[in-house]
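So the chains spell out like this:
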Amino acid sequence: MLVMLRAEQIVKRYGDLTVLKGVNLEVKKAEIVSIVGSSGAGKSTLLHILGTLDTPDSGAITIRDTRVDLLKPRALAVFRNTHIGFVFQFHHLLPEFSALENVCIPGWLAGTRKSAVEVRARQLLKSLGLAERADHKPHTLSGGEAQRVAVARALINQPDVVFADEPTGNLDSIRGKELHDLFLQLRADLGQTFVIVTHNEELAQMSDRVIHMKDGLVAEDGGIKDLPWASK
Ligand SMILES: Nc1ncnc2c1ncn2[C@@H]1O[C@H](COP(=O)(O)OP(=O)(O)O)[C@@H](O)[C@H]1O
Ligand SMILES: [Mg+2]
């Protein structure tokens with residue numbers, strides 16, 4: 001089974017505080033991994049480092065075949081835009097652009113033909129139940145709709161991994177469950193790989209594997225299972 005993400009001995013310090021103390025983690029293609037743990041355990045720090053938004057003090061991160069910790073800033077920015085998707089607690093959609101444009105922007109930045117990006121963005125919005133919302137500005141969308149647009153934006157360049165930090169943190173429990181159902185559906189339909197930080201144990205249990213972080217280390221790793229859909 002293809003390994004999409006491998007983190008080896010990740011260490012991160014802020015001044016005297018060692019936030020990550022040698023984290024090891026492996027994620028297979030089409031796997032949905034949830035990271036749980038109490039506030040301050042280092043979950044966001046780890047997710048940002050895995051997603052190349054932050055750099056470790058030591059350790060290696062491989063996404064598919066690329067040692068991302070060795071990339072120079074310009075190459076890293078290109079890699080991040082084309083291989084990694086992000087969904088945060090707040091949707092971070094650009095307010096002056098429509099839902100469709102927000103989804104398209106990472107595709108346009110990647111240099112893909114404008115019309116091809118738009119076709120894919122419309123398809124994504126449709127499959128996420130947002131066809132009627134394509135031309136709406138973010139402030140006219142509900143919280144759940146805006147978060148689904150953010151998911152479509154994360155998927156536009158067909159990333160190797162989508163990282164999500166508390167993606168349901170700003171949604172009620174029904175919308176939160178819907179978002180996790182959507183992640184499961186995207187895994188089934190597209191073989192999409194997800195790494196999700198969440199406070200919600202119930203939602204975490206819907207994923208393939210739950211990783212518990214404690215004091216900057218993986219305290220418990222549910223272990224890699226055989227994933228029947230991962231051969232796609
Ligand atoms: N930029 C930073 N500077 C200093 N300390 C930080 C910074 N980011 C996070 N921390 C500290 O690192 C620890 C882990 O934070 P974080 O990864 O956000 O935890 P979690 O997401 O699990 O709640 C906390 O003690 C936090 O205060
Ligand atoms: Mg956090």
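Residues numbered from 1 in each chain as written. Chains lettered and ligands numbered in written order. Predicted model: local features only at pLDDT ≥ 70, side-chain atom pairs only at ≥ 80, totals over all residues. Heavy atoms only, no water.

**Some points on the sheet that holds strand β6 (residues 84-87)**
Sheet architecture is open: 6 strands sit in the order β6-β7-β8-β3-β9-β10, paired in mixed fashion. Strands with a single pairing partner mark the edges of an open sheet, and in this sheet they are β6 and β10 (217-221). Taking the axes of each pair of neighbouring strands and ignoring which way they run, one obtains an average angle of 20 degrees across the sheet. Across 4 bridges, the pairing between strand β3 (residues 32-36) and strand β8 (residues 193-197) is parallel. Paired with isoleucine 32 across the bridge in β8 is phenylalanine 194. Relative to the sheet, helix α1 (residues 43-50) contacts β3, β7 (161-165), β8 and β9 (209-214), its axis offset from that of β7 by approximately 155 degrees. (Pairing = 2+ DSSP bridges. Helix = DSSP H or I, 4+ residues; strand = E, 2+ residues; numbered from the N terminus. Axes fitted to C-alpha atoms, helices over the stretch in contact; angles between N-to-C directions. Contact = heavy atoms within 4.5 Å.)

**With respect to the pattern of salt bridges**
Enumeration over the complete set of coordinates arrives at 12 salt bridges. Residue aspartate 172 is joined to arginine 175 by a salt bridge in which the shortest nitrogen-to-oxygen separation is 3.9 Å. For aspartate 208, the salt bridge goes to arginine 187, with nearest N and O atoms at 2.7 Å. Residue aspartate 208 is located in the loop between α7 (201-204) and β9, and its partner arginine 187 is located in helix α6 (residues 173-190); the two are separated by 21 residues in the primary sequence. On the basis of relative accessible area, aspartate 208 is assigned to the buried category, the value being 9%. (Salt bridge = Lys/Arg side-chain N within 4 Å of Asp/Glu carboxyl O. Buried < 20%, exposed > 50% of the residue type's maximum accessible area, 1.4 Å probe, protein only.)

**Some words on the pairing of strand β1 (residues 3-14)**
By the bridge criterion, 9 bridges tie β1 to strand β2 (residues 17-28) in an arrangement that is antiparallel. Residue pairing for β2: arginine 13 is matched across the bridge by threonine 18. Relative to strand β4 (residues 58-63), β1 runs antiparallel, the two sharing 5 bridges. In the strand pairing of β4, leucine 5 is matched with isoleucine 63.

**Regarding the side chain of glutamine 192**
Of note, glutamine 192 is situated in the loop between α6 and β8. Among the polar contacts made by the side chain of glutamine 192, one reaches the main-chain carbonyl oxygen of proline 159 at a distance of 3.3 Å. (Polar contact = N/O pair within 3.5 Å; in protein donor to acceptor, adjacent residues only side chain to side chain.)

**What to know about the site of ligand 1**
The immediate surroundings of ligand 1 are formed by Tyr14, Leu17, Val19, Ser38, Ser39, Gly40, Ala41, Gly42, Lys43, Ser44 and Thr45. Measuring from an oxygen atom of ligand 1, one finds a backbone N or O atom of glycine 40 at 2.7 Å. One of the backbone nitrogen or oxygen atoms of serine 44 is found 2.9 Å away from an oxygen atom of ligand 1. Expressed as a share of its isolated accessible area of 560 Å², the protein-covered part of ligand 1 is 57%. Listing elements by their share of the shell around ligand 1, those giving two or more residues are β2 and α1. Here the element with the most residues in the shell around ligand 1 is α1; it accounts for 3 residues. Taken together, the residues of the shell around ligand 1 break down into 4 nonpolar, 6 polar and 1 charged. (Near = heavy atom within 4 Å. Areas by Shrake-Rupley, 256 points an atom, 1.4 Å probe, with all protein chains shown as cover. Nonpolar A, V, L, I, M, F, W, Y, C, P; charged D, E, K, R; others polar.)

**A few points about the side chain of aspartate 208**
Engagement of the side chain of aspartate 208 in a polar contact is seen with the backbone nitrogen of isoleucine 32, the distance being 2.7 Å. Polar contacts involving the side chain of aspartate 208 include one to the side chain of arginine 187, which spans 2.7 Å.

**What about unusual backbone geometry?**
Phi is positive for alanine 30, close to 65 degrees, though the residue is something other than glycine. Looking at the element boundaries, alanine 30 is found in the loop between β2 and β3. Residue class for alanine 30 comes out buried when judged on its relative accessible area of 1%. Of note, the phi angle at glutamine 158 is positive, near 50 degrees, even though the residue is not glycine. Tracing the sequence through the fold places glutamine 158 in the loop between α5 (143-155) and β7.

**Re the confidence of the model for the protein chain**
Summing up the model confidence of the protein chain, the mean pLDDT is 93 and the portion of residues at 70 or higher is 96%. Mean pLDDT across the elements of the protein chain bottoms out in α7 (84) and peaks in β4 (98). (pLDDT = per-residue confidence, 0-100.)

**Observations concerning the packing of helix α4 (residues 114-127) against α5**
Their axes nearest at 10 Å, the elements α4 and α5 cross at an angle of 140 degrees. In terms of their interaxial angle, α4 and α5 are classed as oblique. Between α4 and α5 lies a crossing of right-handed hand. Contacts between α4 and α5 involve Arg120, Leu124 and Leu125 from the first element and Val149, Ala152 and Leu155 from the second. Residues of the contact of α4 with α5, tallied by class, amount to 5 nonpolar, no polar and 1 charged. (Parallel < 35°, antiparallel > 145°, perpendicular 65-115°, else oblique. Left-handed = near helix turned anticlockwise from the far one by under 90°.)

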